[in-house]
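Chain by chain, the residues run as shown.
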Amino acid sequence: MVKKFRPVRTPIHFAKLFKKEGLERSSAKKLSVKKKLNFSELHDSSIFLFKHILAQGDIRWKLAIKYAELKKEIPMQPINLENGLRAVYSSRSQGKNKARGASIVGAIHVLQLTRALKNIELGNKHFEFRQPININSKYEAKFVKTNSILKQVDKKGVSGCPEALWQLQLWEKNKYLGRIGVNFHAEGAKNIVTIANIQGANGKKLEQNEFKKITGKNFGEELISRLQNTLGPNFEYRGAIPNDLNKVLYKMTFRKTKPEKIKVWDNKMRTMIEDRRTKK
């Protein structure tokens, strides 16, 4: 039996990874004088991410710099980074969240950190600032940053969402009806949107059925369609099916979405599931 050796990850390997994940695109822009970083900020960023100050030539400084830039440019909390590290990204390459408190060293962990930072950056640029969308004068779709990664329900009926950093939530006045969870990442020049969560509010089945009767769509289809119309064609949209429950619900929702059917991804198999059916 031939022993399998763990591949050595070199600075060249990580440089290619950063380029593929779009880190170079954003980091190439110079900061304004007001936003330039000092050594203390860079050292704090390195210690927070990697548990020590990186050596001078370590290519992971690109990630420490990016994190420090984002902290200075946008409102961001440690929970947002942790959410991005736990998030689901539909892609042929899959990262992995680090163990709690561990340094981010290996390729799969570096990949996940790169995507988490890109998720924060793209979401703040294209998603969070948007005003609620009025639907049939009775409902609102609200653009929200996830504020809890715990699987518990708050007083408004919204549960935690560790698999998605961003949410488009459906509300009827002050009643929460459901949501889709959204993540962003980049692959080369392409920006990718992953719909990682479709979840109705507990105890709101009658209200969800009423919404479908009024709009002709279930809330998941409607929210995804609104997301596509809002962000536009410059994004590639992918739907992540869960590993256990609700696979059929997710697949049908992605298939029925208009104006454009969502590509369905099985992230466990790292591949897109092709829909060969001709009837729509």
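Residues numbered from 1 in each chain as written. Predicted model: local features only at pLDDT ≥ 70, side-chain atom pairs only at ≥ 80, totals over all residues. Heavy atoms only, no water.

A. Spotlight on the layout of surface pockets. Within this model, the largest pocket holds a volume of roughly 1,100 Å³. Taken together, 44 residues make up the lining of the largest pocket; nearest its centre are Ala196, Asn197, Pro242, Leu245 and Tyr250. Broken down by class, the residue content of the lining of the largest pocket amounts to 15 nonpolar, 17 polar and 12 charged. (1 Å grid on protein atoms, 1.4 Å probe; cavity = no way out; pocket = protein on both sides within 12 Å on 5 of 7 lines; lining within 4 Å. Points joined across faces, edges and corners; volume = space filled by probe spheres on them. Nonpolar A, V, L, I, M, F, W, Y, C, P; charged D, E, K, R; others polar.)

B. Looking closely at the pairing of strand S6 (residues 235–240). Counting buried positions along S6 yields 6 of 6 residues, so the element is predominantly enclosed. Relative to S6, strand S5 (residues 190–200) runs parallel, the two sharing 5 bridges. Paired with Ile195 across the bridge in S6 is Gly239. Pairing analysis gives 3 bridges linking S6 to strand S7 (residues 263–266), with the strands arranged parallel. The partner of Gly239 across the bridge, within S7, is Val264. For the handedness criterion, the β-α-β arrangement of S6, helix H9 (residues 247–256) and S7 is classed as right-handed. (Buried < 20%, exposed > 50% of the residue type's maximum accessible area, 1.4 Å probe, protein only. Helix = DSSP H or I, 4+ residues; strand = E, 2+ residues; numbered from the N terminus. Pairing = 2+ DSSP bridges. Right-handed = clockwise from strand over helix to strand, strands pointing away.)

C. Spotlight on helix H1 (residues 11–20). For H1, every residue scored as buried is listed here: Phe14, Leu17 and Phe18. Projected down its long axis, H1 shows its buried positions confined to an angular sector of 95 degrees, all on one face. Away from its buried face, by an angle of more than 90 degrees, H1 presents the exposed residues Ile12, Lys16 and Lys19. One or two residues past the end of H1 sits Gly22, with phi positive at roughly 80 degrees. (Arc of directions from axis to C-beta.)

D. Fine view of the side chain of Thr114. Its location among the elements puts Thr114 in helix H6 (residues 107–126). Leaving out residues up to four positions away in the same chain, Thr114 has contacts with Leu17, Phe18, Glu21, Leu23 and Leu63. (Contact = heavy atoms within 4.5 Å.)

E. Quick look at a positive patch on the surface. A grouping of Lys205, Lys212, Lys256 and Lys258 is seen on the molecular surface, where their side chains present a positively charged patch. The residue Lys258 is located in the loop between H9 and S7 in this model. (Patch = residues over 30% accessible without salt bridge, like charges linked within 9 Å, V, L, I, M, F, W, Y side chains within 5 Å. Areas by Shrake-Rupley, 256 points an atom, 1.4 Å probe, with all protein chains shown as cover. Salt bridge = Lys/Arg side-chain N within 4 Å of Asp/Glu carboxyl O. Lys, Arg positive; Asp, Glu negative; His and termini not counted. Charge placed at Lys NZ, Arg CZ, Asp CG, Glu CD.)

F. Spatial organisation of the sheet that holds S7. Read from one edge of the open sheet, 8 strands run S1-S2-S3-S4-S5-S6-S7-S8, paired in mixed fashion. Every interior strand has two partners, whereas the edge strands, strand S1 (133–135) and strand S8 (271–273), have only one. Going from strand to strand, the sheet's axes swing by 35 degrees on average, the running direction of each strand aside. In this sheet, S8 lies alongside S7 in antiparallel orientation, the contact comprising 3 bridges. (Axes fitted to C-alpha atoms, helices over the stretch in contact; angles between N-to-C directions.)

G. Representation of the pairing of strand S2 (residues 139–145) in the model. Here S2 shows one buried face, formed by Tyr139, Ala141, Phe143 and Lys145, and one open face, formed by Glu140, Lys142 and Val144. Where S1 lies against S2, 3 bridges are found, and the strand directions are antiparallel. Paired with Asn134 across the two strands is Glu140, which belongs to S2. Count of turn residues in the S1/S2 antiparallel hairpin: 3 residues, of which Asn136 carries a positive phi of about 55 degrees. Pairing between S2 and strand S3 (residues 166–172): 6 bridges, direction antiparallel. Bridging from a neighbouring strand, Ala141 pairs with Leu170 of S3.

H. Local environment of the packing of aromatic side chains. For the structure shown, the criterion picks out 9 aromatic pairs. Consider the rings of Phe127 and Trp166, whose centres lie 5.8 Å apart with planes at 50 degrees: the pair is tilted. With Phe127 in the loop between H6 and S1 and Trp166 in strand S3, this residue pair connects regions lying 39 residues apart in the sequence. Judged by relative accessible area, which is 0%, Trp166 ranks as buried. Ring centres of Tyr139 and Phe211 lie 4.8 Å apart, and the angle between their planes is 85 degrees; on these two criteria the pair is classed as edge-to-face. Placement of the pair is Tyr139 in strand S2 and Phe211 in helix H7 (residues 205–215), with a sequence separation of 72 residues. Neither Tyr139 nor Phe211 differs from the other in exposure class; each is buried. What links up through ring pairs into an aromatic cluster is the set Phe127, Phe143, Trp166, Phe184 and Phe235. Sitting over the ring of Phe48, Lys51 keeps its end group 5.9 Å from the ring centre. Residue placement shows Arg60 over the ring face of Phe50; its charged tip is 4.8 Å from the ring centre. (Phe/Tyr/Trp six-rings, centres within 6.5 Å; stacked < 30°, edge-to-face > 60°. Lys NZ or Arg CZ within 6 Å of the ring centre and 35° of its normal.)

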